[in-house]
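Here are the chains, one letter per residue:
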Amino acid sequence: MDYFRSAIDRMASYVPGEQPQPGTNVIKLNTNENPYPPSPKVMEALQCLDSEYLRRYPDPFAKEFCQAISDTLGAPADWIIVGNGSDDLLNVLVRACAEGRDRTIAYPTPTYVLYRTLSAMQPASVVEIPYADNFELPVAELIQANAAITFVATPNSPSGHVVPLSQLRELAQGVSGIVVIDEAYVDFAEFSALSLVQEFENVIVLRTLSKGYSLAGLRLGFGVAHPKLLAGLFKVKDSYNVDAIAILVGAAAIRDQAYKEACVEKVKASRATLTTDLKNLGFTVPESHGNFVLATPPARNAESLYLALKQRGIFVRYFKQPGLDDKLRISVGTDKQNQVLVEALARLISGSEPSDRTETVSDELASSKT
Ligand SMILES: *Cc1c(COP(=O)(O)O)cnc(C)c1O
């Protein structure tokens, strides 16, 4: 018996970074979580939660959260769509806009692997255009592909580079479909493309609370676009895609911009230190505008370093695919966590330590409060 559509049989599963059990003593630098806890206002909002909020269905449009975004970022509340993480909105976009060979999906690579997974699931044909070594956006090729959806992550993962607004503008002008600007890491960058939604009806900017706001576990993201573009997406999203707790707690997080900024500044300072330390060990580390770095070890033995670090309780991300299989994507942790990582790498690289030894990290270091 064939249980599944052929597209599902053929597709590869999306493989998220490992998530060890909470309380396990690991230094977790593999899925770009923020090393600092969420705002104290978030925990306060959780504690004050009225049971009535849980008894009733949540607001399908998460208006309270939209209002908080509107008050802090300036986007009008009716230009906002809220999702169960921005992954939910990527899914909604693909379901609403892409199909088969006529309504295709295009994006530059390497980038967020979920774009490919969602396309395969739909299914919709994909045009993948490799970035050149200088990470210049392949604008002409993307325009030529003229896809129903063009995804551009900026800052991009895993490269950490940003795409200039002029190139995004050119792209938005040149295609007839939707341009999705995935700003999951924008809190760690110097500029945003949010203003483009006013210039172009076919642009949607996606944001998440998972990285900058330390709320990956809450599952909350949002998109900003012209109401005409949102109208189709609202038809596709689940009515209650965002739960009542996320709406309330997310609003508290968004309203505490000062706390988020303070954490972001710490992460940016640590990113600079980590970059310098890795370069001193002989790694190649391009400038990153996210809360992670993509580092190439001097001996290009990324996979064995990844495994050796894992044995020592230090998780980083390794992508076994052409162009990335000689690199490690390392999330920026606290200065202490980064230091333990750098010291472990120094020992492994100098050969002073065999790579098959096991070791665990202390409670203090595994906790985000250090
Ligand atoms: C983390 C990430 C997301 C997903 O964020 P969620 O809101 O947690 O679903 C989307 N795009 C990129 C590029 C990411 O790195």
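Treat the numbers as computed from the prediction; the structure is a model and nothing was measured. (Residues numbered from 1 in each chain as written. Predicted model: local features only at pLDDT ≥ 70, side-chain atom pairs only at ≥ 80, totals over all residues. Heavy atoms only, no water.)

Q: Outline the site of the ligand, listing residues and values.
A: If you check the shell around the ligand, you find Gly85, Ser86, Asp87, Tyr112, Asp182, Ala184, Tyr185, Thr208, Ser210, Lys211 and Arg219 and nothing else. Interatomic distance of 3.0 Å between a backbone N/O atom of Asp87 and an oxygen atom of the ligand. At 2.6 Å, a side-chain N or O of Ser210 approaches an oxygen atom of the ligand. Its free accessible area being 390 Å², the ligand has 93% of it covered by the protein chains. Its atoms largely coinciding with the cavity grid, the ligand occupies the largest pocket. Split by residue class, the shell around the ligand holds 3 nonpolar, 4 polar and 4 charged. (Near = heavy atom within 4 Å. Polar contact = N/O pair within 3.5 Å; in protein donor to acceptor, adjacent residues only side chain to side chain. Areas by Shrake-Rupley, 256 points an atom, 1.4 Å probe, with all protein chains shown as cover. 1 Å grid on protein atoms, 1.4 Å probe; cavity = no way out; pocket = protein on both sides within 12 Å on 5 of 7 lines; lining within 4 Å. Sits in = over half its atoms within 2 Å of the grid points. Nonpolar A, V, L, I, M, F, W, Y, C, P; charged D, E, K, R; others polar.)

Q: Which residues make up the layout of surface pockets, and what values do they have?
A: Over the atoms, a rolled probe matching the size of one water molecule traces out where space is still vacant. Looking at the largest pocket, its volume works out to about 990 Å³. Lining the largest pocket are 46 residues, and of these Tyr14, Tyr112, Ser157, Tyr185 and Arg329 lie nearest its centre. For the lining of the largest pocket, the secondary-structure elements that each account for two or more residues are α5 (86-97) and β3 (100-109). Ranked by the residues each element gives to the lining of the largest pocket, the list is headed by α5, at 3 residues. Considering only residue class, the lining of the largest pocket consists of 19 nonpolar, 16 polar and 11 charged. Composition of the lining of the largest pocket by domain shows at least three residues from each of domain 1 (21-37 + 258-366) and domain 2 (40-255). (Points joined across faces, edges and corners; volume = space filled by probe spheres on them. Helix = DSSP H or I, 4+ residues; strand = E, 2+ residues; numbered from the N terminus. Domains from an automatic or database assignment.)

Q: Pulling in residues and values, what's your account of a nonpolar patch on the surface?
A: Taken together, the side chains of Met1, Tyr3 and Phe4 define a hydrophobic patch exposed on the protein surface, amounting to about 490 Å² of accessible area. For Met1, the position within the fold is in the segment before α1 (6-10). Accessibility expressed as a relative area gives 83% for Met1, which makes it exposed. (Patch = residues over 30% accessible without salt bridge, like charges linked within 9 Å, V, L, I, M, F, W, Y side chains within 5 Å. Salt bridge = Lys/Arg side-chain N within 4 Å of Asp/Glu carboxyl O. Buried < 20%, exposed > 50% of the residue type's maximum accessible area, 1.4 Å probe, protein only.)

Q: So what's going on with the domain arrangement of the protein? Which residues, and what values?
A: Assigned domains of the protein: these are domain 1 (21-37 + 258-366) and domain 2 (40-255). Relative to domain 2, the C-alpha centre of domain 1 lies at a distance of 27 Å. On the domain 2 side, the residues contacting the 23 residues of domain 1 number 21 residues. For the pairing of domain 1 and domain 2, the buried interface totals around 1800 Å² over both sides, and the portion due to carbon and sulfur atoms is 60%. The largest share of the area that domain 1 buries against domain 2 comes from Lys260, His289 and Phe292, three residues that together contribute 33% of it. For the pair domain 1 and domain 2, the interface holds 1 salt bridge. Between Asp187 and Lys260 there is a salt bridge whose closest N-O contact spans 2.9 Å. Elements that contribute at least two residues to the side of domain 1 that touches domain 2 include exactly α12 (257-280) and β9 (292-295). Counting residues per element, the side of domain 1 that touches domain 2 draws most heavily on α12, at 6 residues. Taken together, the residues of the side of domain 1 that touches domain 2 sort by class into 9 nonpolar, 8 polar and 6 charged. (Contact = heavy atoms within 4.5 Å. Buried area = accessible area lost by both parts, 1.4 Å probe.)

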